[in-house]
Amino acid sequence: MYPDVKANIEELRKLFPGRIICASDAHSRHVRGCLEAGEIIQCFDQIIGYDQLSCTKQSPQSCYLHRLLQKTQSYPATTLIVDDWLPLLENAVNLGMISCFLQRESKKSKV
């Protein structure tokens, strides 16, 4: 989990007054379990896993983003996507979405 994730989501709600959807390459049951364990499931309006999109972020030709927009009934120009994978964000910008890069802290311990 990212540090201060709950506070960051609350800040996003202030800056971007739309729905906040958690979309993941993981199965939706796994995503829900992680969000429940982190006590942040209530921060999201909708949760979508690869099982609902039938493709992953690495799928060619922005399949993931097209299906995500379709599933959420969203439009590119009014959609903010936050992710830690630059190729996905580049595809999002090419589709007209607003994107935000979130750098994940390394889980490796430093010696």
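Preceding block: the structure.
Looking at this model, I keep getting lost on the overall build of the chain. Mind explaining?
When helices and strands are counted, the chain shows five helices and four strands. When the helices and strands of the chain are read in sequence order from the N terminus, they spell out α-β-α-β-α-α-β-α-β. Taken over the C-alpha trace, the chain has a radius of gyration of 14 Å; the compact-globule value for 111 residues is 13 Å, and the two agree within 12%. Along the longest, intermediate and shortest principal axes, the C-alpha atoms of the chain span 40 × 30 × 25 Å. Across the 111 residues that make up the chain, the buried fraction comes to 30%. In the structure as shown, the chain presents an accessible area of about 7,600 Å², 52% of it carried by carbon and sulfur atoms.

For this particular structure, what's the right way to read the pairing of strand E4 (residues 98-101)?
A regular strand places its side chains so that they alternate between the two faces of the sheet. Sheet topology note: the strand E3 (residues 80-83)/E4 ladder contains four bridges and is parallel. Within E4, the position partnered with Asp83 by the bridge is Phe101. For the crossover from E3 across helix H5 (residues 86-94) to E4, the handedness is right-handed.

Mind showing me how you'd approach the pattern of salt bridges here?
When the charged atoms of two side chains lie near each other, side chains of opposite charge can form a pair. Applying the stated criterion across every chain yields a total of three salt bridges. The salt bridge involving Lys14 is made with Glu11; its shortest N-O contact spans 3.9 Å. One end of the pair is Lys14 and the other is Glu11, both in helix H1 (residues 5-15) and three residues apart, which spans about a single turn. On the basis of relative accessibility, which here comes to 65%, the residue Lys14 falls in the exposed class.

I'm lost on the side chain of Thr79 in this one. Help?
With respect to the secondary-structure elements, Thr79 resides in the loop between helix H4 (63-72) and E3. If sequence neighbours within four positions are ignored, Thr79 has contacts with Phe16, Leu69, Ser74, Met97 and Ile98.

Is there a simple way to think about the environment of Phe44 in this case?
With respect to the helices and strands, the residue Phe44 is situated in the loop between helix H2 (28-37) and strand E2 (46-48). C-alpha of Phe44 to C-alpha of Arg29: the two residues are 15 residues apart in sequence and 15 Å apart in space. Other than its neighbours up to four places away in sequence, Phe44 contacts Ile9, Arg13, Ile20, Ile21, Cys22 and Leu35.

It is not clear to me how unusual backbone geometry should be interpreted in this structure. Could you clarify?
At Glu39, a residue that is not glycine, the phi angle is positive and equals roughly 55 degrees. A positive phi angle is found at Gln73, which is not glycine, with a value near 55 degrees. Relative to the elements of secondary structure, Gln73 occurs in the loop between H4 and E3. Gln73 gets classed as exposed once you look at its relative accessible area, which sits at 70%.

About the thresholds
- Residues numbered from 1 in each chain as written.
- Predicted model: local features only at pLDDT ≥ 70, side-chain atom pairs only at ≥ 80, totals over all residues.
- Heavy atoms only, no water.
- Helix = DSSP H or I, 4+ residues; strand = E, 2+ residues; numbered from the N terminus.
- Rg over C-alpha atoms; globule rule 2.2 N^0.38 Å.
- Buried < 20%, exposed > 50% of the residue type's maximum accessible area, 1.4 Å probe, protein only.
- Areas by Shrake-Rupley, 256 points an atom, 1.4 Å probe, with all protein chains shown as cover.
- Pairing = 2+ DSSP bridges.
- Right-handed = clockwise from strand over helix to strand, strands pointing away.
- Salt bridge = Lys/Arg side-chain N within 4 Å of Asp/Glu carboxyl O.
- Contact = heavy atoms within 4.5 Å.

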